Amino acid sequence: MDSAFARGRSRSMCFAASLVYILLSSIAVTTFASIHIYDHEPFQEVGNAYLLAGGSEAIVAEASTASQGSSIHDGRSYIRFENITFRRPKAAAKARGSVPVHIIIFEAADRNDIGGSAYGGQRAICCTPDLAKMGVCKQGDIIRRPSATDINWPVVLDVNFKGKSVISSLDSQKVSIKKTGMYNLFFVACDPKLKDMVMSGKTIWKNPDGYLPGRMAPLKKFYVFMALAYVCLSIVWFFQYVRFWDDVLQLQHCITAVIALGLFEMILWYFEYVNFNNTGMRPIVLTTWVVTVGTIRKTISRLLILSVSMGYGVVRPTLGGLTSKVLLLGITYFLASELLNITEYVGTINDVSGRARLLLVLPDAFLDAFLILWIFTSLSRTLEQLQAKRSSVKLDIYRKFSNALAITVISSVAWIGYEVYFKATDPFNERWQSAWIITAFWDVIAFALLCVICYLWAPSQSSQRYAYSEKVGEDSDDEEAQSLTKEKQEGQVELSLARQEKNVGTDGSLDQEDESEEEDKRE
């Protein structure tokens, strides 16, 4: 690329490094995922109750051969409570008697078994006086009906404030999970005097094979296959890359960087999930670096496609005045994608996406749409220029590239529609076992498009034929015309040589005949 583009790219990389440093400096060293930490968390008023969401994760039923060891791969599934402490205001500690705080665990499929109403009015979580008179429940307790599959579920644990005590604690205990599902944990207070109560402690959510949440567990294996796929592509590409090193173009250097970043990203994701599964914690530094590497790879990939669509290295030697615009778009896309991915992955606790992610999706989607429009507009102009110059070889490559790009865009739009439908029809994440496919699709389609680009622009002895020629006096880069002209010139040279040899042979024979005649006369 030209020097201006290189300087702009170096400035953007420095900016990206500064952004990562700021993000790492502004957050703590470690965050927790399947180990949920609560630090003086307040309760929120919902209806006639005060709620605190403790977590929501997919858990697989423990194995029938579960052992009693301390290994994380012991086959057991549970939610364990440790150091759970409730603190109420001193003003609320003047009353006598016992005031309960409820801890409820239920599967998403049993959500309708929690709460109710006396006469079809507003649904209440805590038992109302009308329901208590009807004998349905006891006033001050949670309205709970046994599950159709297990009468012991939903599980309700009670912690009581006794007398004038300000603090109440729950003894460490564990709730075993015997059924696969999406589980929700809530801390509930029905007494209005506990509205200013806070809670501290932690809960540990474990699956049979570790702490990795059920929705994320398949991704660990998926990234193994993706890493192997990138390794295979890297071997083939780097073999050609080294073999034809003298003919490698600047464009092919960029493709090499994208392949290396993709392989590095897949490996980092795998180790991030392995660490998450073994410890129940997601180190912010590791997760942020994984997200940042992925964002850099996505940004460079999109800028590479845009540059190729503009004809860089084929129709034009540089991007010219468009260099600054391309760099500005790349930096903007990097920031939007980085914020979105950090919100989605760094510090993620639950299997349910937050509202902040929905807001950050909009600018990222807008930039993707703008990029697609710019790419296809530039690609159309490049095809017109190649048709005008009658460059059949380059035109064929660009037509294949445009077809692959069109298939990719159509597939992406269709998948976005499916993703919206999937999430709209599954508000409680009950189809979590197939939710990992939503994330995996984007990595697969990006890899497929990269393979197409590698095939079309693979290093070879004829790589320079696809490059923009900067020789003075060249108005066309028609390879076929050049090859035909060359063959014609070679043919003319060979014909002239043959004629010369024939003339030489004829002259030689005439000389021999004259000499023989002279000898006869002498005799």
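Where an unreviewed UniProt entry is consulted, the chain appears under the name Lung seven transmembrane receptor-like, with the organism given as Vigna unguiculata. As its UniProt record puts it under Subcellular location (unreviewed entry), the chain is described as follows: "Membrane".

*Asks:* What am I meant to see in the pattern of salt bridges here?
*Replies:* Close approach of charged atoms lets side chains of opposite charge pair. Considering all chains together, one arrives at twelve salt bridges under this definition. Glu 62 is the salt-bridge partner of Lys 178, the closest N and O atoms lying 2.6 Å from each other. Placement of the pair is Lys 178 in the loop between strand 9 (173-176) and strand 10 (181-189) and Glu 62 in the loop between strand 4 (49-59) and strand 5 (78-87), with a sequence separation of 116 residues. The salt bridge partner of Glu 419 is Lys 423, with a shortest N-O separation of 3.3 Å. In this pair, Glu 419 and Lys 423 both sit in helix 8 (residues 392-424), four residues apart, roughly one turn of the helix. By relative accessible area, which is 14% here, Glu 419 ends up buried.

*Asks:* Before we go on, may I ask you to explain the state of the cysteines in this structure?
*Replies:* Every disulfide links exactly two cysteines, by a covalent bond between their sulfur atoms. The tally for this structure, following the rule as stated, stands at two disulfides. Note on cysteine connectivity: Cys 127 is disulfide-linked to Cys 137, with sulfurs 1.9 Å apart. Linking Cys 127 and Cys 137, the disulfide has an S-S dihedral of approximately 85° and is accordingly described as right-handed. Separated by ten residues along the polypeptide, Cys 127 in the loop between strand 6 (98-107) and helix 2 (129-133) and Cys 137 in the loop between helix 2 and strand 7 (155-162) bring together distant segments of the chain. Cysteines bonded in the chain are numbered consecutively along the chain; their disulfide partners then correspond to 1-4, 2-3. Free of any disulfide, Cys 232 has its nearest cysteine sulfur in Cys 451, 9.8 Å distant.

*Asks:* Looking at this structure, how should I read the sheet that holds strand 3 (residues 44-46)?
*Replies:* Strand pairing in a sheet is mediated by backbone hydrogen bonds. Such pairs are either parallel or antiparallel. Spatial strand order, 3-4-10-6-7: five strands in an open sheet with antiparallel pairing. Looking at strand neighbours, the two that pair on one side only are strand 3 and strand 7, the edges of this open sheet. Ignoring strand direction, the axes of neighbouring strands in this sheet form an average angle of 35°. Pairing of strand 6 with strand 10 involves six bridges; the strand directions are antiparallel. Residue pairing for strand 10: Ile 104 is matched across the bridge by Phe 186.

*Asks:* How should the environment of Arg 381 be read in this particular structure?
*Replies:* With respect to the element layout, Arg 381 can be found in helix 7 (residues 355-389). Taking the C-alpha atoms as reference points, Arg 381 and Gly 311, separated by 70 residues in sequence, lie 8.8 Å from one another.

*Asks:* When you look at the UniProt feature "transmembrane region" (unreviewed entry) in the chain in this model, what are you seeing that I'm missing?
*Replies:* According to UniProt, the "transmembrane region" (unreviewed entry) feature falls on residues 222-242, 254-271, 356-376, 397-416 and 436-458. Taken end to end, residues 222-242 is 100% helix and 0% strand, and its first and last C-alpha atoms sit 30 Å apart. Helix makes up 100% of residues 254-271 and strand makes up 0%, while its end C-alpha atoms are separated by 26 Å.

*Asks:* For this particular structure, what's the right way to read the confidence of the model for the chain?
*Replies:* Interpreting fine coordinate detail is not advised for predicted regions of low pLDDT. For the chain, mean pLDDT is 77; residues scoring 70 or higher make up 76% of the total. Here strand 1 (residues 30-32) stands out as the element of the chain with the lowest mean pLDDT, 33, in contrast to strand 5, whose mean of 93 is the highest. Segment residues 349-354 is flagged for pLDDT under 50; beyond a separation of four residues in sequence, or across chains, it makes 20 contacts in the model. In the predicted structure, residues 469-523 sits below a pLDDT of 50 and forms 17 contacts with residues beyond four places in sequence or in another chain.

*Asks:* What should I look at first to understand helix 4 (residues 250-279) in this one?
*Replies:* Two residues of an α-helix separated by three or four positions point the same way, owing to the 3.6 residues in each turn. An ideal rise of 1.5 Å per residue puts 44 Å on 30 residues; helix 4 measures up with 44 Å between its terminal C-alpha atoms. Trailing helix 4 by a residue or two, Gly 280 shows a phi angle of about 80°, which is positive.

*Asks:* Got a minute to help me understand the side chain of Ser 337 in this structure?
*Replies:* Mapped onto the elements, Ser 337 comes out in helix 6 (residues 323-345). Ignoring any residue separated from it by four or fewer positions in sequence, one finds Ser 337 in contact with Thr 295, Lys 298 and Asp 364.

*Asks:* Before we go on, may I ask you to explain the pairing of strand 11 (residues 198-206) in this structure?
*Replies:* Every other side chain in a regular strand lies on the same face of the sheet, so the side chains alternate between the two faces. Across the nine residues that make up strand 11, a large majority, eight, are buried. Looking at chain direction, strand 2 (residues 35-42) and strand 11 are connected through six bridges and run antiparallel. Looking at strand 11, one finds that Ile 35 is bridged to Ile 204.

*Asks:* I'm lost on the environment of Leu 367 in this one. Help?
*Replies:* Mapped onto the elements of the fold, Leu 367 is located in helix 7. Sequence-wise, Leu 367 and Tyr 333 are 34 residues apart; in three dimensions their C-alpha atoms are separated by 6.5 Å. Beyond its immediate stretch of four places on either side in the chain, Leu 367 contacts Leu 329, Thr 332, Tyr 333 and Ala 336.

Conventions and cut-offs
Throughout, a residue's number is its position along its own chain's written sequence, starting from 1. Local features are withheld for residues below a pLDDT of 70 in this predicted model, meaning they are given only at 70 or higher, and side-chain atom pairs are given and counted only at 80 or more; totals for whole chains, interfaces and linings count all residues. Think of the side-chain values as coming from all heavy atoms in the structure, minus any hydrogens and water. UniProt positions are given in the numbering used here, feature names are shortened, and annotations may be inferred rather than shown by experiment. Each salt bridge in this description consists of a side-chain nitrogen of Lys or Arg and a carboxyl oxygen of Asp or Glu lying within 4 Å of one another. Numbering of helices and strands runs from the N terminus, with a helix taken as a DSSP run of H or I at least four residues long and a strand as a DSSP run of E at least two residues long. Per-residue accessibility, obtained with a 1.4 Å probe over protein chains only, is compared with the maximum for each type, and a residue is labelled buried under 20%, exposed over 50%, and partly exposed between these values. Criterion for a disulfide: a pair of cysteine sulfur atoms within 2.5 Å. At least two bridges found by DSSP between two strands is the condition for calling them paired. Convention adopted: a line fitted to C-alpha atoms gives each axis, helices being fitted over their contacting stretch, and angles between N-to-C directions are expressed from 0 to 180 degrees. Known as pLDDT, the predictor's per-residue confidence is scaled from 0 to 100. In this description, contact between two residues means that some pair of their heavy atoms is separated by no more than 4.5 Å. To estimate how far a helix should reach, multiply one less than its number of residues by 1.5 Å.

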